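# Summary of structural features
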Amino acid sequence: MKRDFYEILGVPKGSSKEEIKAAYRKLALQFHPDRNKSPDAEEKFKEINEAYEVLSNDQKKHAYDQFGHAAFDPNAGPFGGAGRTYSQQSGPFTYTYSQGGNPFGANADFDFGGFSNPFDIFEQFFGGSFSGAQSQGRRLNTYKVQLTFLEAANGVEKEVNIDGKSRKIKVPAGVDDGQRIRFNDFILYIDVLPDKVFQRDGNDVFVNSAITFAQASLGSEIEVPTLDSKNLKVKIKAGTQPNTLIRLKGRGIKDVNGYGQGDFYIRIIVQVPTKLNNRQKDLLKELDL
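First, a word on scope: everything that follows refers to the structure included in this document. (Residues numbered from 1 in each chain as written. Predicted model: local features only at pLDDT ≥ 70, side-chain atom pairs only at ≥ 80, totals over all residues. Heavy atoms only, no water.)

### Observations regarding the overall build of the protein
A tally of regular secondary structure across the protein gives eight helices and 13 strands. For the protein, buried positions account for 39% of its 289 residues. If you take every contact in the protein between residues at least 6 apart in sequence, the share linking residues at least 24 apart comes to 51%. Just so you have it, the protein exposes about 16700 Å², and 48% of that area is on carbon and sulfur atoms. (Helix = DSSP H or I, 4+ residues; strand = E, 2+ residues; numbered from the N terminus. Buried < 20%, exposed > 50% of the residue type's maximum accessible area, 1.4 Å probe, protein only. Contact = heavy atoms within 4.5 Å. Areas by Shrake-Rupley, 256 points an atom, 1.4 Å probe, with all protein chains shown as cover.)

### Observations concerning the sheet that holds strand E6 (residues 180-182)
Taken in spatial order, the three strands line up as E3-E7-E6 in an open sheet, and their pairing is mixed. Looking at which strands have only one partner, the edges of the open sheet turn out to be strand E3 (142-147) and E6. For this sheet the average axis-to-axis angle between neighbouring strands, irrespective of direction, equals 25 degrees. Pairing between E3 and strand E7 (residues 187-192): six bridges, direction parallel. Looking at the pairing, Val145 lines up with Ile190 of E7. (Pairing = 2+ DSSP bridges. Axes fitted to C-alpha atoms, helices over the stretch in contact; angles between N-to-C directions.)

### Here's the deal with the side chain of Asn203
With respect to the helices, strands and loops of the structure, Asn203 is situated in the loop between strand E8 (198-201) and strand E9 (204-212). Within the structure, Asn203 has its side chain in polar contact with the side chain of Asp255 (distance 3.0 Å). (Polar contact = N/O pair within 3.5 Å; in protein donor to acceptor, adjacent residues only side chain to side chain.)

### Overview of the packing of helix H3 (residues 41-55) against helix H4 (residues 58-67)
Across the interface, H3 lies against H4 with an axial gap of 6 Å and an inter-helix angle of 100 degrees. Judged by the angle between their axes, H3 and H4 are roughly perpendicular. Contacts between H3 and H4 involve Glu53, Val54 and Leu55 from the first element and Lys60, Lys61 and Tyr64 from the second. When grouped by side-chain class, the residues that make up the contact of H3 with H4 number three nonpolar, no polar and three charged. (Parallel < 35°, antiparallel > 145°, perpendicular 65-115°, else oblique. Nonpolar A, V, L, I, M, F, W, Y, C, P; charged D, E, K, R; others polar.)

### A short note on the pattern of salt bridges
Scanning the model with the defined rule gives 13 salt bridges in all. Put simply, Glu42 and Lys46 hold a salt bridge, and the shortest N to O gap is 3.6 Å. Of the two residues, Glu42 and Lys46 are both situated in helix H3; the distance of four residues between them amounts to about one turn of the helix. Since its relative accessible area comes to 29%, Glu42 is described here as partly exposed. On the basis of relative accessible area, Lys46 is assigned to the partly exposed category, the value being 30%. Here Lys158 makes a salt bridge to Glu151, at a shortest N to O gap of 3.4 Å. Each of the salt bridges in this network shares a partner with another, and the network as a whole consists of Arg3, Glu7 and Glu47. (Salt bridge = Lys/Arg side-chain N within 4 Å of Asp/Glu carboxyl O.)

### Some thoughts on the nonpolar core
In terms of nonpolar packing, the biggest core is built from 19 residues, with Phe264, Ile266 and Ile268 touching the most fellow members. Contributions of two or more residues to this core are made by helix H6 (149-154), E9, strand E10 (220-225), strand E11 (231-236), strand E12 (245-248) and strand E13 (264-271). In terms of residue count, E13 provides more of this core than any other element does, four residues in total. Core analysis: the second largest hydrophobic core is formed by 18 residues, Val11, Ile20, Leu27 and Val54 among them. (Core = buried A, V, L, I, M, F, W, Y, C linked by side-chain atoms within 4.5 Å.)

### Things to note about a nonpolar patch on the surface
Taken together, the side chains of Phe213, Leu284 and Leu287 present a nonpolar region at the surface, about 270 Å² in accessible area. Looking at where Phe213 falls in the secondary structure, it is placed in helix H7 (residues 213-218). The exposure class of Phe213 is partly exposed, given its relative accessible area of 40%. (Patch = residues over 30% accessible without salt bridge, like charges linked within 9 Å, V, L, I, M, F, W, Y side chains within 5 Å.)

### Structural notes on the sheet that holds E12
Read from one edge to the other, the open sheet built from four strands follows the order E8-E9-E13-E12, with strand pairing classed as mixed. The two strands at the open ends of the sheet, each matched to only one other strand, are E8 and E12. The average angle at which neighbouring strand axes cross in this sheet is 30 degrees, direction not considered. Pairing between E12 and E13: four bridges, direction antiparallel. Bridge assignment links Leu245 to a residue of E13, and that residue is Arg267.

Structure follows, in C-alpha cells:
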C-alpha cells in the first residue's frame with residue numbers, strides 16, 4: 001500500500017500551498033542522497049518528490065483528494081484505466097481529468113509523461129543540481145525565462161543566455177507558470193508574472209469588469225480587454241446581477257498541446273456608490289427597490 005501523500009510530507013489535508021512547499025523543502029534537503037547516506041535515503045527522496053508533485057499541482061491535488069492514489073492508477077477500477085475521463089464542477093470552474101498518457105494537459109510538464117524525475121523537481125526548487133543526480137542519466141542544464149501573462153498566452157520569441165551565448169527561443173502559445181520545455185541540449189523553465197487584469201484557470205481566462213448600479217439595472221455596453229490587446233464591446237443585459245459571469249466560448253488560451261482553446265469569462269462587479277448627494281438619495285428612496 002502506498003503511503004498517504006499528506007502523511008509523507010507531514011502536513012494536514014487542508015494545508016496551504018505555502019505550507020506544503022515549506023514541508024517539501026525541509027524534507028527534500030534532509031533526504032537528498034548527496035546529503036543523507038542512509039540506505040533508504042534515495043527511496044524516501046523519490047517518495048517525497050512524488051507527493052510534492054501531486055499536492056503542489058491544483059488539478060492533481062483535486063483528483064487525489066477525491067480518489068486518492070486511484071486517480072493515477074490505470075488499473076484502479078472505476079477511477080483508473082486509459083481513456084477514462086471524469087469532471088468536477090466548482091463554481092464557474094470545471095476540471096476534467098483523463099487517465100492514460102499525460103492526463104493533466106497544459107498544467108503538466110508536457111515533455112514528461114507521468115511523474116517527472118524527482119531530481120528535476122529538486123533542481124527547479126533550489127536552483128541547482130547535486131552530483132548524485134548524474135546517476136539518473138544525462139543531465140540537461142535548466143534555464144529560466146520570465147514571461148508576461150500575454151506572452152505566455154500568445155507565444156513569444158525570447159533571447160535566452162544559454163551557456164554564455166545569446167539564443168533566440170520560440171516559446172509556444174499557452175505555456176503556464178512552472179512548466180518546462182525540453183530542447184535538445186537544455187531545459188527551459190517558464191516563470192509567468194502575475195497580471196493585474198487577467199487571471200488564468202487551466203486554459204480559461206477571467207477578467208473583472210466594474211459597472212455602475214444604473215448600468216446593471218438598465219443595461220449598457222462596456223469594453224473589456226482581451227488577449228490580443230484589443231478592447232471588445234460587450235452588451236450588459238438589464239437587470240444583470242453582481243458577480244454574473246459572461247462566457248465568450250473559445251476566446252481563452254490555446255492549449256499548449258494543441259487540444260482546442262479555453263473560454264474567456266467576464267465577471268461583472270457592480271459598484272455601489274459610497275457618496276451620494278441629497279437628490280440622489282431622494283431618488284433612490286423613491287425607487288426603494
